[in-house]
Amino acid sequence: MEGVDYLADERKKAEFDVNEMKIVWAGSRHNFELSDRISKLVANDPGFSKEGRTMLPRKELFKNTLRKATYAWKRIIELRLSEEEAAKLRHFVDEPAFTDLHWGMFIPAIKGQGTDEQQKKWLPLAYKMQIIGCYAQTELGHGSNVQGLETTATFDPQTDEFVIHSPTLTSSKWWPGGLGKVSTHAVVYARLITNGKDYGINGFIVQLRSLEDHKPLPGVTVGDIGLKFGNGAYNTMDNGVLRFDHVRIPRDQMLMRVSQVTREGKYVQSDVPRQLLYGTMVYVRQTIVSDASNALSRAVCIATRYSAVRRQFGSQNGGQEIQVIDYKTQQNRLFPLLASAYAFRFVGEWLKWLYTDVTQRLQANDFSTLPEAHACTAGLKSLTTTATADGIEECRKLCGGHGYLCSSGLPELFAVYVPACTYEGDNTVLLLQVARFLMKTVSQLGSGKKPVGTIAYMGRIEHLMQCRSDVKQAKDWLKPSAVVEAFEARAARMSVACAQNLSKFDNPEEGFAELAADLAEAAVAHCQLIVVSKFIEKLQQDIPGEGVKQQLEVLCGIYYLFLLHKHQGDFLGTGYITSKQASLANDQLRALYSQLRPNAISLVDAFNYTDHFLDSILGRYDGNVYPKLYEAAWKDPLNQSDIADGFHEYIRPLLKQQLRTARL
Ligand SMILES: CCCCCCCC/C=C\CCCCCCCCCCCCCC(=O)SCCNC(=O)CCNC(=O)[C@H](O)C(C)(C)COP(=O)(O)OP(=O)(O)OC[C@H]1O[C@@H](n2cnc3c(N)ncnc32)[C@H](O)[C@@H]1OP(=O)(O)O
Ligand SMILES: Cc1cc2nc3c(=O)[nH]c(=O)nc-3n(C[C@H](O)[C@H](O)[C@H](O)COP(=O)(O)OP(=O)(O)OC[C@H]3O[C@@H](n4cnc5c(N)ncnc54)[C@H](O)[C@@H]3O)c2cc1C
């Protein structure tokens with residue numbers, strides 16, 4: 001029945017002001033109003049329909065994405081949307097496209113690594129989309145190891161040009177999004193060679209295609225790398241392959257903020273750290289952390305609503321069966337994911353602040369916080385994307401068989417999301433960057449250099465190495481100080497243990513390689529401490545709205561107690577807690593599940609997702625799941641006729657043969 005809210009009873013149970021929670025989730029009233037307005041604008045526009053997307057063959061799917069991206073641009077111009085509104089519109093259109101890389105990496109790379117003059121020349125063209133760009137770093141043979149890239153950019157002083165060349169098959173650029181079929185330009189990362197000397201990697205703006213007929217320019221071989229995981233999903237993106245055969249570009253297309261090559265071919269290093277070459281990656285890793293809460297909350301919204309609709313077992317005297325959300329096992333799988341979505345939201349907000357802060361400092365030539373910004377963006381990108389990808393898959397399982405249908409929205413969400421664990425730095429490789437930062441920090445303790453920011457706790461290392469938890473009863477685990485100390489002591493002890501083991505090796509690099517798995521675990525402990533601390537700090541702010549703060553306290557408790565339970569080996573092994581205290585933590589966790597249960601539906605309503613954005617029959621706002629699943633099945637192309645195509649060729653002969661066999 002249309003118009004009936006099957007989840008109305010659930011919504012009546014809420015013990016907090018959902019509208020105020022929507023504002024907390026959005027980050028501010030302004031953000032809420034912006035998201036609300038733009039998401040509805042997109043949902044109500046048939047030009048952005050998602051109908052049949054997972055059924056389209058690749059060519060049609062891709063063309064449809066081009067149509068949508070162009071239509072989005074048209075609406076952005078017609079409605080005179082600001083940059084912020086335009087980014088929101090692209091977000092709610094919800095289809096990976098070349099525009100993500102144009103706006104998300106090509107433009108930021110020019111902004112971050114181009115001189116003022118270069119920005120003045122290229123940015124207006126890019127802002128008007130008169131050129132379309134991508135970020136071409138990864139090669140067939142090298143992705144994680146940026147210093148290992150093989151493409152060369154050799155300066156020719158005769159002509160004042162760089163010659164861009166792919167010397168080997170493995171030097172072919174491979175993966176850049178938007179490269180295969182759309183981009184006219186790319187920021188290409190190549191080894192800078194001048195006067196016969198190799199100065200390592202630098203960025204260059206290279207035109208790839210004609211702006212007239214879009215044909216690849218002479219010396220450029222470019223195409224799509226082929227079909228990727230999942231139906232629809234990331235196949236809307238033209239991840240590309242690119243080879244250069246001595247392609248010439250003017251010298252001033254080398255991005256020259258970090259280093260320059262003069263007219264005479266002299267290499268000049270600016271007084272900014274070389275690591276700024278990696279700045280675009282830091283920026284994108286930060287946006288990926290913010291985006292993790294979008295993806296996870298979406299999956300959790302679907303699984304929570306469906307868990308309240310779905311009933312199994314326990315019917316008594318002909319009454320209704322039990323809602324699966326009431327099973328403790330379901331809660332133990334679902335509620336920590338709900339809590340994680342909120343936790344990642346807040347740590348994403350904080351990371352955005354950190355990124356803005358480091359950017360302002362860089363502009364004032366203060367590079368002191370760059371290592372911390374790198375460690376935080378790398379570590380949190382790794383932590384949040386791993387948890388989100390695993391969480392989406394868990395949500396699919398939480399929806400039982402129906403979660404496996406594309407109409408649940410979950411398979412496509414997973415297929416689109418899971419490469420986040422790999423792109424912008426493989427998650428293990430990034431954790432090892434955090435571990436290096438931690439080992440450096442431990443090695444400098446006692447040198448007089450005071451650790452600050454997210455590693456300030458290392459400054460209390462003596463206390464953290466010997467303190468013990470003073471939790472005596474389950475509710476003591478609700479005290480922020482008890483929790484923060486537990487996570488600090490665990491992280492500090494794991495780092496110190498790694499440092500002690502490392503010191504046993506004569507060659508530190510050999511030791512690092514041998515102990516890499518332990519180091520990655522220490523990095524995870526450090527990153528989890530950051531997320532827990534930022535959630536607790538959020539709760540120390542003034543949070544208006546009846547019951548809102550209390551719900552966030554419950555979520556925060558679930559987040560850290562679940563982590564404590566899952567990693568209790570670390571907490572017990574480092575000797576900070578006893579097995580009795582671990583068991584009390586688990587008692588408290590169960591109690592928090594019961595407190596959360598009546599609020600579960602309203603907590604996912606607070607994400608304020610439209611049905612268009614969720615694109616899931618199981619996650620519909622009104623909970624009207626079964627009729628809609630039934631209706632959708634009949635839209636499948638296989639159901640266009642009663643008799644399947646292929647019946648006469650394949651099924652009929654088979655049946656005849658069986659008849660003959662039966663007669664024998
Ligand atoms: C694009 C997305 C945005 C779209 C936006 C559109 C709007 C939509 C609206 C909303 C936004 C939603 C956002 C969601 C995004 C989803 C879409 C994503 C699309 C996919 C994009 C994918 C793009 C890519 O994958 S690009 C390629 C990325 N490649 C990598 O990440 C490679 C990883 N490898 C490395 O980074 C390096 O090789 C390394 C760090 C592993 C090692 O580097 P190295 O060998 O040079 O270094 P060392 O280990 O020796 O370190 C030396 C020294 O440098 C320090 N360091 C290293 N890296 C950095 C850094 N980045 N910054 C600062 N410092 C760094 C390191 O710590 C060492 O320091 P020491 O002090 O110890 O010497
Ligand atoms: C969907 C998608 C979009 C992408 N978009 C772009 C783009 O727009 N532009 C671009 O330039 N690139 C892009 N990439 C490429 C991406 O950045 C790389 O794939 C990524 O950096 C990982 O590198 P890799 O593929 O070389 O992995 P590899 O390094 O080959 O990883 C393989 C395995 O080796 C392990 N490993 C590697 N090094 C180490 C180490 N030192 N210690 C321990 N383990 C290690 C990894 O953990 C992993 O398990 C994209 C990739 C994908 C999947």
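Residues numbered from 1 in each chain as written. Chains lettered and ligands numbered in written order. Predicted model: local features only at pLDDT ≥ 70, side-chain atom pairs only at ≥ 80, totals over all residues. Heavy atoms only, no water.

Engineer: Before we move on, could you go through helix H9 (residues 328–363) and cite the residues and values that matter?
Structural biologist: Each turn of an α-helix holds 3.6 residues, which means side chains three or four residues apart point in the same direction. When the terminal C-alpha atoms of H9 are compared, their 52 Å separation across 36 residues agrees well with the 52 Å that a helix rising 1.5 Å per residue should span. Positive backbone phi, at 60°, marks Asn-365, one or two positions downstream of H9. (Helix = DSSP H or I, 4+ residues; strand = E, 2+ residues; numbered from the N terminus. Expected span 1.5 Å × (residues − 1).)

Engineer: Just give me the short version of the sheet that holds strand S4 (residues 173–174), but keep the residues and values in it.
Structural biologist: The pairing of strands in a sheet happens through backbone hydrogen bonds and is either parallel or antiparallel. Taken together, the 3 strands give an open sheet; going across it, the order is S4-S8-S7, and neighbouring strands pair in antiparallel fashion. What marks the edges here is a single partner per strand, and that holds for S4 and strand S7 (220–224). Bridge count between S4 and strand S8 (residues 240–244): 2 bridges; the pairing is antiparallel. Looking at S8, one finds that Lys-173 is bridged to Leu-242. (Pairing = 2+ DSSP bridges.)

Engineer: Tell me what's going on with the pattern of salt bridges, and back it up with residues and numbers.
Structural biologist: Going through the model one piece at a time under the given rule, you end up with 39 salt bridges. Note that Arg-597 is salt-bridged to Glu-10, the shortest N-O span being 2.9 Å. Of this pair, Arg-597 sits in the loop between helix H19 (579–596) and helix H20 (600–605) while Glu-10 is found in helix H1 (residues 8–12), placing the two residues 587 residues apart along the sequence. Across this residue pair, the class does not change: Arg-597 and Glu-10 are buried. Its salt-bridge partner being Glu-488, residue Arg-460 comes within 3.1 Å of it at the nearest N-O pair. Taken together, the residues span a long stretch of sequence, with Arg-460 in the loop between helix H12 (427–443) and helix H13 (461–466) and Glu-488 in helix H14 (residues 480–502) at a distance of 28 residues. On the basis of relative accessible area, Arg-460 is assigned to the partly exposed category, the value being 39%. (Salt bridge = Lys/Arg side-chain N within 4 Å of Asp/Glu carboxyl O. Buried < 20%, exposed > 50% of the residue type's maximum accessible area, 1.4 Å probe, protein only.)

Engineer: Describe the site of ligand 2, and please don't skip the residues or the numbers.
Structural biologist: Close to ligand 2 lie 20 residues, the nearest being Tyr-135, Gln-137, Thr-138, Ser-144 and Asp-426. Within the backbone of Tyr-135, one N or O atom sits 2.9 Å away from a nitrogen atom of ligand 2. For ligand 2, whose accessible area on its own is 970 Å², the fraction buried by protein is 64%. Considering every element that reaches the shell around ligand 2, the biggest residue donor is H12, with 3 residues. Residues of the shell around ligand 2, tallied by class, amount to 9 nonpolar, 9 polar and 2 charged. (Near = heavy atom within 4 Å. Polar contact = N/O pair within 3.5 Å; in protein donor to acceptor, adjacent residues only side chain to side chain. Areas by Shrake-Rupley, 256 points an atom, 1.4 Å probe, with all protein chains shown as cover. Nonpolar A, V, L, I, M, F, W, Y, C, P; charged D, E, K, R; others polar.)

Engineer: How would you explain the packing of aromatic side chains if you had to name every residue and give the values?
Structural biologist: Across all of its chains, the model carries 22 aromatic pairs by this definition. Ring centres 4.4 Å apart and planes at 50° place the aromatic pair Trp-25 and Phe-607 in the tilted group. Of this pair, Trp-25 sits in helix H2 (residues 18–26) while Phe-607 sits in the loop between H20 and helix H21 (611–614), and the two are 582 residues apart along the sequence. Each member of the pair, Trp-25 together with Phe-607, is buried. Considering the side-chain rings of Trp-73 and Trp-103, the 6.0 Å spacing of their centres and the 40° angle between planes classify their relative orientation as tilted. Linking Trp-73 in helix H4 (residues 58–78) with Trp-103 in helix H6 (residues 98–113), this pair joins segments that are 30 residues apart in sequence. Accessibility expressed as a relative area gives 22% for Trp-73, which makes it partly exposed. Residue Trp-103 is classed as buried on the basis of its relative accessible area of 17%. Three or more aromatic residues link up through ring pairs in this structure, and these residues are Trp-25, Phe-92, Tyr-342, Phe-346, Phe-535, Phe-607, Tyr-609 and Phe-613. (Phe/Tyr/Trp six-rings, centres within 6.5 Å; stacked < 30°, edge-to-face > 60°.)

Engineer: Could you give me a rundown of the site of ligand 1, with the residues and numbers involved?
Structural biologist: Close to ligand 1 lie 27 residues, the nearest being Ser-144, Gln-147, Tyr-278, Glu-424 and Lys-440. Here a nitrogen atom of ligand 1 and a side-chain polar atom of His-374 are 3.3 Å apart. Residue Lys-440 places a side-chain N or O atom 2.6 Å away from an oxygen atom belonging to ligand 1. When ligand 1 sits alone it has 1,400 Å² of accessible area, and the protein chains cover 78% of it. The residue inventory of the shell around ligand 1, partitioned by class, reads 11 nonpolar, 11 polar and 5 charged.

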